[in-house]
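The residues making up each chain are set out below.
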2 protein chains.
Amino acid sequence: MRAQILAATAELVARDGIVGFRYEEVAELAGVHKTSVYRNWPDREELVADTLLSYAEDLASVADTGDIHRDLADFLVALADGLRTPFGRALEQALQPTLQSPPAQQVLTRIFDQRVAAIRRRLEVAADRGELPRVDSAFLAEMISGPMHLIVNRGVRPFTRADAKRIVDVVLGGIRATAPHA
Amino acid sequence: MRAQILAATAELVARDGIVGFRYEEVAELAGVHKTSVYRNWPDREELVADTLLSYAEDLASVADTGDIHRDLADFLVALADGLRTPFGRALEQALQPTLQSPPAQQVLTRIFDQRVAAIRRRLEVAADRGELPRVDSAFLAEMISGPMHLIVNRGVRPFTRADAKRIVDVVLGGIRATAPHA
């Protein structure tokens, strides 16, 4: 039931926005009684937070094939695909500066922290193997996901695997070139 | 009068969104008669388009001090500062996927094209001087402005000159490292 309610919330937040979605419609879409939603999430902001976090967890992992370029490009493609789902559009809504309440900011911070932690673990392995110098993983996360968000949000063209590869190659090349001990 | 109306529109779009702002309030804030707004901009979308374009023109220039790293970092800092003004917040509103109409997309495309053209002129000079290899300026624009938009939108910390310098150094380092004839 929890999963159904969160999925319904994501769809309605994506359509109506964080301030616009209604509990009645969440219940209807999830096929549950309205009181089930109210009882478990008396607070709208907690319902939105749980919805976004459940989505973000699924996307916060970086594989280890032994090739850091490939693994980061795969991560970026998965993230871009995720942004096109109702969960992802709900997340983009939450990122709107005009809609950001302090609780929404806390959720966004947790989501970014999850993402950065997943990248950090993979970067540490890469550094141990000598594939890359030690690097600030929050900075690397911004460098690779910033251009992706821009392309996805602009919506003029799809974000492709070639885009992901090109972004990762330039960022890793630049990190190697600018590393203090390179 | 045109400038006053566009400034008032920017402020109201920043506050109420592209679909929420009202002509009556634009006229009141601009200190003009309502018919002056309606007569010159019978179409809401044209009023929003002119507002965004007038802002974007001011920011679409890259100086030439002879140091491409410094000039791109300055460009990025000016852009980030611009995003904190009412014009900038109106632009971020227009970038919201859920609000994008085909005319809004055309305006956004024109704004990005202006920005890319300014960067392209500066990159050509840099390439002529041997500072950088020839580079796809649309790609470079995405690579440097994507992380900046992410930091500004997240709103957790201010975007600083040190951020701009670090982004530009990694991107230019990566472009040099991955250039076919490097």
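Cut-offs used in this document
- Residues numbered from 1 in each chain as written.
- Chains lettered and ligands numbered in written order.
- Predicted model: local features only at pLDDT ≥ 70, side-chain atom pairs only at ≥ 80, totals over all residues.
- Heavy atoms only, no water.
- Helix = DSSP H or I, 4+ residues; strand = E, 2+ residues; numbered from the N terminus.
- Buried < 20%, exposed > 50% of the residue type's maximum accessible area, 1.4 Å probe, protein only.
- Core = buried A, V, L, I, M, F, W, Y, C linked by side-chain atoms within 4.5 Å.
- Contact = heavy atoms within 4.5 Å.
- Least-squares fit on C-alpha atoms with pLDDT ≥ 70 in both.
- Axes fitted to C-alpha atoms, helices over the stretch in contact; angles between N-to-C directions.
- Parallel < 35°, antiparallel > 145°, perpendicular 65-115°, else oblique.
- Left-handed = near helix turned anticlockwise from the far one by under 90°.
- Nonpolar A, V, L, I, M, F, W, Y, C, P; charged D, E, K, R; others polar.
- UniProt positions renumbered as here; feature names shortened; annotations may be inferred.
- Buried area = accessible area lost by both parts, 1.4 Å probe.
- Salt bridge = Lys/Arg side-chain N within 4 Å of Asp/Glu carboxyl O.
- Domains from an automatic or database assignment.

(A) Structural context of the overall build of chain A. Across its full length, chain A holds nine helices and zero strands. Ordering the α and β elements of chain A from the N terminus gives α-α-α-α-α-α-α-α-α. Taking the principal axes of the C-alpha coordinates as reference, chain A spans close to 60 × 35 × 30 Å. By the burial criterion, 52% of the 182 residues in chain A qualify as buried.

(B) Up close: the nonpolar core. Grouped together as the largest cluster of nonpolar side chains are 117 residues, with contacts concentrated most on A:Leu140, A:Ile144, A:Phe159, B:Leu140, B:Ile144, B:Phe159 and B:Val171. Apart from residues lying up to four places away in sequence, B:Val171 is in contact with A:Met143, A:Val170, B:Leu140, B:Met143 and B:Ile144.

(C) Seen up close, the relation of the copies chain A and chain B. With an RMSD of 0.0 Å, the fit of chain A onto chain B corresponds to turning through 180 degrees and sliding 0.0 Å along the axis. Here the copies are linked by what is in effect a two-fold axis. Among all residues of chain A, the one whose C-alpha sits closest to the rotation axis is A:Gly174, at a distance of 1.7 Å.

(D) Highlighting the packing of helix α1 (residues 2–16) of chain A against helix α2 (residues 23–30) of chain A. Residues and elements named next belong to chain A. Packing of α1 against α2 brings their axes to within 8 Å, and their N-to-C directions diverge by 130 degrees. Overall, the two elements α1 and α2 adopt an arrangement that is oblique. Every pair of crossing elements has a handedness; the one defined by α1 and α2 is right-handed. Along its contact with α1, which presents Gln-4, Ile-5, Ala-8, Thr-9, Glu-11, Leu-12, Arg-15 and Asp-16, the element α2 presents Glu-25, Val-26, Leu-29 and Ala-30. Split by residue class, the contact of α1 with α2 holds six nonpolar, two polar and four charged.

(E) Just the UniProt feature "domain: HTH tetR-type" (unreviewed entry) in chain A, in detail. Taking the UniProt record as the reference, the feature "domain: HTH tetR-type" (unreviewed entry) is found at residues 1–59 of chain A. This span, residues 1–59 of chain A, is 78% helix and 0% strand, and a straight line between its end C-alpha atoms measures 22 Å.

(F) Fine view of the UniProt feature "DNA-binding region" (unreviewed entry) in chain A. The UniProt feature table records "DNA-binding region" (unreviewed entry) at residues 22–41 of chain A. In residues 22–41 of chain A, the share of helix is 75% and the share of strand is 0%. The end C-alpha atoms are 13 Å apart.

(G) Representation of the interface of chain A and chain B within the structure. Between chain A and chain B, the residue contacts involve 36 residues of the former and 36 residues of the latter. Buried surface at the junction of chain A and chain B, summed over both partners, amounts to about 3,100 Å²; 65% is from carbon and sulfur atoms. Remark: the boundary between chain A and chain B carries four salt bridges. Across the pair B:Asp136 and A:Arg166 runs a salt bridge, and its minimum N-O distance is 2.9 Å. Where the side of chain A that touches chain B is concerned, the elements lending two or more residues are α6 (86–94), α7 (102–128), α8 (137–154) and α9 (161–178) of chain A. For the side of chain A that touches chain B, the class distribution of residues is 15 nonpolar, 14 polar and seven charged.

(H) Representation of the domain arrangement of chain A within the structure. Residue and element names in this part refer to chain A. According to the domain assignment, chain A consists of domain 1 (2–43) and domain 2 (51–178). A C-alpha centroid distance of 28 Å is found between domain 1 and domain 2. Taking both sides of the interface into account, the surface hidden between domain 1 and domain 2 amounts to around 780 Å²; carbon and sulfur atoms contribute 78%. On the domain 1 side of the contact with domain 2, Leu-6, Ala-14 and Ile-18 bury the most area, a combined 52% of that side's loss. At the boundary of domain 1 with domain 2, the tally comes to zero salt bridges.

(I) Quick peek at the pattern of salt bridges. This structure, assessed with the given rule, holds 32 salt bridges over all chains. Ionic pairing is found between A:Arg84 and A:Asp81, a salt bridge with its closest N-O pair at 2.8 Å. The class of A:Asp81 is partly exposed, set by a relative accessible area of 39%. The salt bridge partner of A:Arg157 is B:Glu142, with a shortest N-O separation of 3.4 Å. Taken together, the positions of A:Arg157 in the loop between α8 and α9 and B:Glu142 in helix α8 (residues 137–154) put the pair across two chains. One network of salt bridges, in which partners are shared, links A:Arg15, A:Asp16, A:Arg22, A:Glu24, A:Glu25 and A:Lys34.

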